[in-house]
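Overview (structure and organization)
The residues making up each chain are set out below.
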Amino acid sequence: MRHFLSTEDWTRGELQALIDQARVYRDAPFSNVLQNKSIALVFFNRSLRTRASFDIGAKQLGAHALVLDAAGTWPIEVLDGAVMDGDAEEHVKEAAKVLSRYADIIAIRAFPKFENWALEKQDPLITAFAKYADVPIINMETIVHPCQELAMMMAAQDNLGATDGKKFLLTWTYHPKPLNTAVANSALLVASKFGFDVTLLCPTPDYGLDDHYMSAATENAAAQGGSLDVTHDIDTAYAGADFVYAKSWGALPFYGNWKAEKPIRDSYKHFIVDEDKMAETNDAWFSHCLPMRRNIKATDGVADSPRSLIIDEAENRLHVQKALMTHLALQVGA
Ligand code: CP
């Protein structure tokens with residue numbers, strides 16, 4: 001049985017097949033291919049795009065989507081052998097197995113708690129669901145966001161054609177709060193897997209991403225004939241870029257100690273994506289996973305420009321997740 005926890009477990013060809021099927025669904029949205037199937041969407045954190053696109057996408061294929069809103073209301077134990085004398089009323093062993101009796105797919109959104117990266121980088125909740133569930137698990141964002149990867153790559157291919165050898169810039173941007181590294185990790189994974197020459201721009205080494213994702217992206221780049229560079233110089237990063245992807249995240253050395261990071265982060269507001277920086281690129285396309293604070297992460301002029309793909313990428317979530325649900329629900333004997 002196959003899960004979709006991270007694109008690290010999927011080949012470029014397999015991911016391309018999902019994107020190709022997504023284009024089929026974009027042209028012909030409605031079918032009964034998943035008639036009588038059910039998907040349980042479990043949200044430990046809020047969502048607009050993920051929730052709407054999975055729910056509507058399932059219904060467009062004849063399936064039933066059950067949205068379980070567990071944000072702040074459903075403490076769940078993940079440790080084997082735990083003495084459950086705290087807040088958690090339910091162990092993931094039962095939760096995963098019971099939901100597996102009702103639904104054909106379980107999808108989970110569970111952000112890290114921003115307390116202990118060494119622990120949270122193990123992605124304990126979704127890993128436990130995958131261990132105990134008897135049906136496929138889809139990651140709707142934990143410490144990576146693989147559905148967003150598919151949507152972004154579909155938008156990139158639609159506008160750039162082949163991505164091999166094109167320059168992909170992942171730029172850190174300011175945000176008043178320390179955000180999850182999930183989308184940044186994912187952008188590195190998928191851009192490197194699809195042969196881009198990837199540049200990571202961040203203010204200082206403290207804003208670098210976890211070694212696991214840097215190593216995975218380096219390996220992808222070596223396998224695909226691309227490259228991975230890290231720079232703290234804005235002009236170098238933007239020069240010649242074909243695709244600019246913006247995201248903010250908290251500096252990992254300050255994980256759980258965000259008060260100390262805040263004044264440091266506040267000094268890097270000039271990393272905003274603006275028209276002057278985009279003018280240094282190779283007429284690059286711009287995108288962001290959304291939600292995006294306007295005139296903080298990117299100016300209105302960039303977000304609303306004809307080169308902005310933010311709405312197309314969000315639309316693609318619907319198409320790629322329909323392809324993913326179809327693939328996982330109909331897998332036979334795997
Ligand atoms: N990009 C994304 O996952 O959006 P939501 O948080 O609204 O689901």
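Note that the coordinates shown come from a computational prediction; the quantities given were computed from them, not determined experimentally.

**As for the sheet that holds strand 1 (residues 38–43)**
Read from one edge to the other, the open sheet built from 4 strands follows the order 2-1-5-6, with strand pairing classed as parallel. Pairing within the sheet leaves two strands with one partner each, and these edge strands are strand 2 (64–69) and strand 6 (137–139). Here the strands of the sheet are splayed against their neighbours by 20° on average, with no regard to which way each runs. Of the pairings in the sheet, the one linking strand 1 to strand 2 comprises 6 bridges and is parallel in character. Looking across to strand 2, one finds that I39 is bridged to A65.

**Examining helix 6 (residues 146–160)**
Given 3.6 residues per turn, any residue in an α-helix points the same way as the ones three and four places further on. The first and last C-alpha atoms of helix 6 sit 21 Å apart over 15 residues, in line with the 21 Å expected at 1.5 Å per residue. Phi turns positive, to about 70°, at G161, one or two residues after helix 6.

**Looking at unusual backbone geometry**
Generally, phi is negative for residues other than glycine and the peptide bonds are trans, each holding for most cases. For the bond running from L290 to P291, omega is 5°, close enough to zero to count as cis. Among the secondary structure elements, P291 is positioned in the loop between strand 11 (285–287) and helix 12 (300–303). You will see that N36, though not glycine, has its phi angle at about 70°, which is positive. Note on placement: N36 falls in the loop between helix 1 (12–27) and strand 1. By relative accessible area, N36 is classed as exposed at 72%.

**Quick word on the pattern of salt bridges**
All told, the structure shown has 16 salt bridges when counted by the stated rule. Residues R265 and E261 are paired through a salt bridge, measuring 2.6 Å at the closest nitrogen-oxygen approach. Residue R265 and its partner E261 are located together in helix 10 (residues 258–266), separated by 4 residues, close to a single helical turn. Across the pair, E261 and R265 agree in class, each one buried. The partner of D274 in a salt bridge is K277, and the shortest N-O contact between them spans 3.3 Å. For the pair shown, D274 and K277 are each scored as buried. Each of D20, R23, R26 and D158 takes part in salt bridges that share partners, so that together they form one network.

About the thresholds
- Residues numbered from 1 in each chain as written.
- Predicted model: local features only at pLDDT ≥ 70, side-chain atom pairs only at ≥ 80, totals over all residues.
- Heavy atoms only, no water.
- Pairing = 2+ DSSP bridges.
- Helix = DSSP H or I, 4+ residues; strand = E, 2+ residues; numbered from the N terminus.
- Axes fitted to C-alpha atoms, helices over the stretch in contact; angles between N-to-C directions.
- Expected span 1.5 Å × (residues − 1).
- Buried < 20%, exposed > 50% of the residue type's maximum accessible area, 1.4 Å probe, protein only.
- Salt bridge = Lys/Arg side-chain N within 4 Å of Asp/Glu carboxyl O.

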